[in-house]
Amino acid sequence: MIFYFSGTGNSYYIAKKISEALNERLISIAECVREGKYEVILEKDEKIGFVYPVHACAPADIVIHFIRTVQFINYEHNYMYSVFNCAGTYEYTSRIIKETCEKREFEIGGFFKVLMPGNYVTVKKHLPEEKCKKYLAEADDHINEIVKAVQAKTYNYKKEKHSFLLSYGLHKLAALEKETKFDVGEKCKGCG
Ligand SMILES: Cc1cc2nc3c(=O)[nH]c(=O)nc-3n(C[C@H](O)[C@H](O)[C@H](O)COP(=O)(O)O)c2cc1C
């Protein structure tokens, strides 16, 4: 079972590839949140994956909210893993997911990353086109490696050598940023 959140499709692309390769159910976190569906019945030995983007040096808030709220029925320490994607700045993302899971007494073992073009439209400095093309060209190979590691139920947490302060501090600061010049319609995913 793969839970994904995707603002503009990058995480969806990754989640869909993994779900097809592993023949796993694909579930939209945004839909669960919008419909208030937090109860999930697990099949025996079903793996649980979270695929999501980095938002301001940390997991997208909606993903943290979902992990804090979800109720797994029949949870028996099923293999759990995280796949984040971003344009290159991720700081303590894996640690934040790990700690969020541990607070729920979920044992999370696999931590994976895929680099993707940035979609942070309010940031002036965008990745050069060449780099975006490189990330896209390499993505499928990374996804295939992740599939193999998930199949093998890999445990690979490594303490990130990044600034804890930057991750929490920047994330909180970014949340204060207020954009006024856009509208959302019915298709809004509600990521906040
Ligand atoms: C609000 C916001 C904040 C972001 N912050 C970061 C960041 O801190 N570091 C980074 O490398 N990419 C950042 N990004 C870029 C996304 O993580 C990246 O483009 C990702 O692939 C988007 O996935 P999606 O299409 O599934 O939403 C941010 C994007 C948004 C919208």
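For the structure itself, look to the data block above.
Predicted, not measured: the structure shown is a model, and the values here were computed from it.

**Q** What is the right way to read the nonpolar core from this model?
**A** It is characteristic of soluble globular proteins that their nonpolar side chains tend to be buried jointly. Residues Phe3, Phe50, Val63, Phe72, Met80 and Ile97 are the most contacted members of the largest nonpolar core, which totals 34 residues. For this core, the elements supplying multiple residues, two or more each, are helix H2 (29–35), strand E4 (48–53), helix H3 (61–69), strand E6 (80–86), helix H4 (93–103) and strand E7 (108–115). Here this core gets five residues from one element, more than from any other, and that element is H3. Not counting residues within four places of it along the chain, the set of residues in contact with isoleucine 97 comprises Tyr52, Pro59, Val63, Ile64, Ile67, Ser82, Ile108 and Phe111. Grouped together as the second largest cluster of nonpolar side chains are 19 residues, Ala15, Tyr79, Tyr81 and Ala149 included.

**Q** Sorry if this is basic, but what is going on with the packing of H4 against helix H6 (residues 164–176) here?
**A** Viewed as axis vectors pointing N to C, H4 and H6 meet at an angle of 80°, and their least axial separation amounts to 10 Å. When the interaxial angle is binned, H4 and H6 end up roughly perpendicular. Two secondary-structure elements touch here, H4 through Thr93, Arg95, Ile96 and Glu99 and H6 through Phe164, Ser167 and Tyr168. Residues belonging to the contact of H4 with H6 are distributed by class as follows: three nonpolar, two polar and two charged.

**Q** Even after reading the chapter, I still don't get the side chain of threonine 93, so can you show me in this structure?
**A** Looking at where threonine 93 falls in the secondary structure, it is placed in helix H4. The exposure class of threonine 93 is buried, given its relative accessible area of 0%. Leave out the neighbours within four places in its chain, and threonine 93 touches Tyr52, Val54, Cys57, Ala58, Pro59, Phe84, Glu160 and Ser167.

**Q** Quick question: what am I supposed to make of the site of the ligand here?
**A** Of all residues adjacent to the ligand, which total 21 residues, the nearest are Ser6, Thr8, Ser11, Asn85 and Thr89. Residue alanine 56 places a main-chain N or O atom 2.8 Å away from a nitrogen atom belonging to the ligand. Between the ligand and the protein, one listed contact pairs an oxygen atom with a side-chain N or O atom of asparagine 85 at 2.4 Å. Isolated, the ligand exposes 650 Å² of accessible area, and the fraction of that covered by the protein chains is 89%. For the shell around the ligand, the secondary-structure elements that each account for two or more residues are helix H1 (10–22) and E6. Looking at the shell around the ligand residue by residue, the class counts come to nine nonpolar, twelve polar and no charged.

**Q** Can you walk me through the side chain of glutamate 91 in this structure?
**A** Residue placement: glutamate 91 occurs in the loop between E6 and H4. Within the buried core, glutamate 91 has no salt-bridge partner, and the shortest N-O distance to an opposite charge, that of arginine 95, equals 11 Å. If near-sequence neighbours (up to four positions away) are discounted, glutamate 91 is found in contact with Cys57, Glu160, His162, Ser163, Leu166 and Ser167.

Parameters and conventions
Residues numbered from 1 in each chain as written. Predicted model: local features only at pLDDT ≥ 70, side-chain atom pairs only at ≥ 80, totals over all residues. Heavy atoms only, no water. Core = buried A, V, L, I, M, F, W, Y, C linked by side-chain atoms within 4.5 Å. Buried < 20%, exposed > 50% of the residue type's maximum accessible area, 1.4 Å probe, protein only. Helix = DSSP H or I, 4+ residues; strand = E, 2+ residues; numbered from the N terminus. Contact = heavy atoms within 4.5 Å. Axes fitted to C-alpha atoms, helices over the stretch in contact; angles between N-to-C directions. Parallel < 35°, antiparallel > 145°, perpendicular 65-115°, else oblique. Nonpolar A, V, L, I, M, F, W, Y, C, P; charged D, E, K, R; others polar. Near = heavy atom within 4 Å. Polar contact = N/O pair within 3.5 Å; in protein donor to acceptor, adjacent residues only side chain to side chain. Areas by Shrake-Rupley, 256 points an atom, 1.4 Å probe, with all protein chains shown as cover. Lys, Arg positive; Asp, Glu negative; His and termini not counted. Salt bridge = Lys/Arg side-chain N within 4 Å of Asp/Glu carboxyl O.

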